[in-house]
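Reading the structure
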Amino acid sequence: PEQVCLPDTREALLEDIWQWIKRLGTSEGAKIFCLTGVAGAGKSAIAHTVARRCYEEGLLVSSFFFSRDVAERNNPQKLL
């Protein structure tokens, strides 16, 4: 819980992500949402905020983190 976005921040982006999640069951659109940005941009806080909301709504979701600097986490072959 301490890793989520601060209250009243990133509301537009979080709403865009939430609307994408809600459309997943009704469309043939992308099933993966790739959140990218420079280090320190808040990607982890956004992911934790979305995960918390999904948990509160009873939705089953998953998230994966990649890191260029860590050999075990810089390649999608480990994920797929």
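Residues numbered from 1 in each chain as written. Predicted model: local features only at pLDDT ≥ 70, side-chain atom pairs only at ≥ 80, totals over all residues. Heavy atoms only, no water.

- You'll find the protein chain entered in an unreviewed UniProt entry as Nephrocystin 3-like N-terminal domain-containing protein, with Botryobasidium botryosum given as the organism.

**Concerning the environment of Thr-49**
- Considering the arrangement of structural elements, one finds Thr-49 in helix α2 (residues 43-57).
- Taking the C-alpha atoms as reference points, Thr-49 and Gln-3, 46 residues apart in sequence, are found 7.8 Å from one another.
- For Thr-49, the residues in contact, after removing those within four places along its chain, are Val-4, Cys-5 and Leu-14. (Helix = DSSP H or I, 4+ residues; strand = E, 2+ residues; numbered from the N terminus. Contact = heavy atoms within 4.5 Å.)

**A closer look at the environment of Ile-21**
- Considering the arrangement of structural elements, one finds Ile-21 in helix α1 (residues 11-23).
- Considered as a pair, Ile-21 and Glu-2 are 19 residues apart in the sequence and their alpha carbons are 23 Å apart.
- Discounting chain neighbours no more than four positions away, the residues touching Ile-21 are Val-50, Cys-54 and Leu-59.

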